[in-house]
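Now for the letters of each chain:
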Amino acid sequence: MVRVTPTATASSRRAVVVDDEEPLARLVAGYLEREGFETRLCHDGAQALDVLREVDPDVVVLDLGLPGVDGVEVCRRLRTFSDCYVVMLTARAEEVDTLIGLSVGADDYVTKPFSPRELMARITAMMRRPRNGAAIPATSHRAESVSRVLRAGDLRIDVDAREVLRDGELVALTRTEFDVLATLAARPGRVFSRQVLIEAVWGPGWVGDEHLVDVHVLHVRQKLGDTAEAQRYVRTVRGVGYRIGAGA
């Protein structure tokens with residue numbers, strides 16, 4: 001079944017809730033609608049993929065354990081045609097499930113049972129993030145002094161175009177991965193703690209496990225052909241956090 005809120009307008013922000021637990025899906029949709037989202041509900045993965053292509057949502061709340069095509073595969077395919085925000089829902093709290101979900105492009109995850117208010121707080125924080133610029137933390141410098149093209153060796157980060165080139169080749173990053181990398185690159189030499197990165201990228205209203213940052217750094221490294229040993233582009237400062245590397 002697909003459900004559209006009857007009060008939605010063409011100008012609404014769009015959300016798709018994908019969960020085979022229909023009462024939970026309706027509950028989440030109700031919270032989203034109160035925040036001004038036009039919502040669609042799906043209860044299996046195959047149907048969701050058709051709806052996601054049709055709707056082009058701003059945010060997707062996606063259950064991991066769907067019948068047929070599971071949430072991981074839905075997210076993997078979604079990322080071939082959309083950079084919308086994805087919050088993965090999972091009934092399993094093991095770290096491997098989190099890593100699998102985020103490795104295919106989820107921006108955040110929530111473990112069931114969860115508070116709908118907490119879920120909405122995370123979504124609200126994500127939606128505050130700029131679509132056309134990196135989440136660069138404020139400093140005492142004027143905004144004009146921040147370069148809109150950032151470099152780290154052979155890495156070129158175009159903040160306005162939201163493109164990353166490594167040795168002239170385009171690197172496909174999710175929106176969150178881009179924001180993490182651009183935030184680090186905007187302040188060369190500065191070490192960012194997980195908390196500071198959370199506030200800069202996810203927003204001050206975000207609540208959850210700060211180790212989410214580690215997972216996104218891992219994926220940025222993988223997509224840049226970097227490793228935790230080489231640390232050419234993203235360096236770990238043990239006990240503190242991360243900073244941009246010198247590049248290749």
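See the structure above.
Residues numbered from 1 in each chain as written. Predicted model: local features only at pLDDT ≥ 70, side-chain atom pairs only at ≥ 80, totals over all residues. Heavy atoms only, no water.

## So, the nonpolar core
Point 1. If you look at the biggest cluster of nonpolar residues, it comprises 57 residues, and the most contacted ones within it are Leu62, Ile157, Val164 and Leu181.
Point 2. Top contributing element to this core by residue count: helix α6 (residues 175-185), with six residues.
Point 3. In this view, Leu181 contacts Leu155, Ile157, Val164, Leu173, Val220, Leu224, Val234 and Ile244; residues no more than four positions away in its chain are not counted.
Point 4. Counting residues in hydrophobic clusters, the runner-up holds 22 residues, among them Leu24, Leu41, Val87 and Leu89. (Core = buried A, V, L, I, M, F, W, Y, C linked by side-chain atoms within 4.5 Å. Buried < 20%, exposed > 50% of the residue type's maximum accessible area, 1.4 Å probe, protein only. Helix = DSSP H or I, 4+ residues; strand = E, 2+ residues; numbered from the N terminus. Contact = heavy atoms within 4.5 Å.)

## Looking at the sheet that holds strand β10 (residues 169-171)
Point 1. Read from one edge to the other, the open sheet built from four strands follows the order β7-β8-β9-β10, with strand pairing classed as antiparallel. Bordering the open sheet on either side are β7 (149-152) and β10, each of which pairs with just one other strand. Neighbouring strand axes in the sheet, compared pairwise and without regard to direction, differ in orientation by 25 degrees on average.
Point 2. Examined bridge by bridge, strand β8 (residues 155-158) and strand β9 (residues 163-166) share four bridges and lie antiparallel to one another. By the bridge assignment, Arg156 is partnered in β9 with Leu165.
Point 3. Against the sheet, α6 contacts β7, β8 and β9, and its axis sits at roughly 105 degrees relative to β8. (Pairing = 2+ DSSP bridges. Axes fitted to C-alpha atoms, helices over the stretch in contact; angles between N-to-C directions.)

So yeah, pure geometry; function would need other evidence.
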